[in-house]
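Examining the three-dimensional arrangement
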Amino acid sequence: VTDADTAVEKALQQRIKKKHPAHGIIGEEFPAVNPGADFQWIIDPIDGTLSFIRGIPLFGTIIALHYRGKPLVGVIDHPALNLRTSAARGLGTYRNGKRQFLKTHPRIAVEKEIIAVADRAQFLRTKREDRFDSLMRSHPHVRVYSDCFGHTLAVSGAVGATADFGIRLWDVAATQLL
């Protein structure tokens, strides 16, 4: 956790509390606010802190709004890439403000798809390194696109799937809708 993580989450919390004081907020860095509220903002201020610290531009901010546990709005913003993917229930998915339709490919055999995975350390933390190792041995096109960047690639259709273990609500709250 960096000072930037806490500063971003604090700034987002302040804006949400000002505009929607009755809403709840679930964030990665601070305790939940109004956890019983029907509307819940779910925030990961910097997903990919390790990438952020090292200047790798694949980090992002994840923001979602859920109503009674169902996603209404989802945003994954990659500021260093000038790339934002967003969606609202019933309104479609957008990439940098333009309507985005998932790429449809002719039926591709699973062995020809690119599979995005998190780094092996994440699989080790969840005691699922056997899954990581098996996938790496058995699938010819596995790429490590960790954190929210792998999810952005899956949403856009650039990869066939993302395999992630040890994720928490704020890691996938936006992806559920996107």
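What you are looking at is a predicted structure, and each value in this text was computed from that prediction instead of being measured. (Residues numbered from 1 in each chain as written. Predicted model: local features only at pLDDT ≥ 70, side-chain atom pairs only at ≥ 80, totals over all residues. Heavy atoms only, no water.)

Some points on the pairing of strand E3 (residues 60–67)
In terms of residue burial, E3 counts as a mostly covered element, since 7 of its 8 residues are buried. Relative to E3, strand E2 (residues 39–47) runs antiparallel, the two sharing 7 bridges. Following the sheet pairing, Asp44 is matched in E3 by Ile62. For E3 and strand E4 (residues 70–78), the ladder comprises 7 bridges, and the chain directions are antiparallel. Across the sheet, Ile62 pairs through a bridge with Ile76, a residue of E4. (Buried < 20%, exposed > 50% of the residue type's maximum accessible area, 1.4 Å probe, protein only. Helix = DSSP H or I, 4+ residues; strand = E, 2+ residues; numbered from the N terminus. Pairing = 2+ DSSP bridges.)

Structural notes on the nonpolar core
Burial of nonpolar side chains together is a common tendency in soluble globular proteins. Among the nonpolar cores identified, the biggest contains 12 residues, and these are Ile42, Ile62, Ala64, Ile76, Ala87, Cys148, Val155, Trp170, Ala173, Ala174, Leu177 and Leu178. Counting residues per element, the ones that place at least two in this core are E3 and helix H5 (148–156). (Core = buried A, V, L, I, M, F, W, Y, C linked by side-chain atoms within 4.5 Å.)

Things to note about the sheet that holds strand E5 (residues 83–88)
Strand order in the open sheet formed by 7 strands is E1-E2-E3-E4-E5-E6-E7, and the pairing between neighbours is mixed. Two strands lie at the open edges of the sheet, namely strand E1 (24–27) and strand E7 (98–100), each paired on one side alone. Strand-to-strand twist of the sheet, defined as the mean angle between neighbouring strand axes without regard to direction, takes the value 20°. Where strand E6 (residues 92–95) meets E7, 3 bridges bridge the pair, whose relative direction is antiparallel. Across the sheet, Tyr94 pairs through a bridge with Arg99, a residue of E7. Its contacts with the sheet put helix H1 (residues 3–19) on E1, E2 and E3, and the angle it makes with E2 is roughly 155°. (Axes fitted to C-alpha atoms, helices over the stretch in contact; angles between N-to-C directions. Contact = heavy atoms within 4.5 Å.)

Description of the side chain of His78
By the secondary structure assignment, His78 is in strand E4. A distance of 3.0 Å separates the side chain of His78 from the backbone oxygen of Phe59, its partner in a polar contact. (Polar contact = N/O pair within 3.5 Å; in protein donor to acceptor, adjacent residues only side chain to side chain.)

Thoughts on the environment of Asp171
You can see Asp171 is positioned in helix H6 (residues 169–172). Among the residues examined, Asp171 registers a relative accessible area of 15% and is labelled buried. For the pair Asp171 and Thr126, spaced 45 residues apart in sequence, the C-alpha to C-alpha distance is 15 Å. If near-sequence neighbours (up to four positions away) are discounted, Asp171 is found in contact with Asp44, Asp47, Ile62 and His151. Side-chain polar atoms of Asp171 contact the backbone nitrogen of Arg168, separated by 2.8 Å.

None of this, on its own, says anything about what the molecule does.
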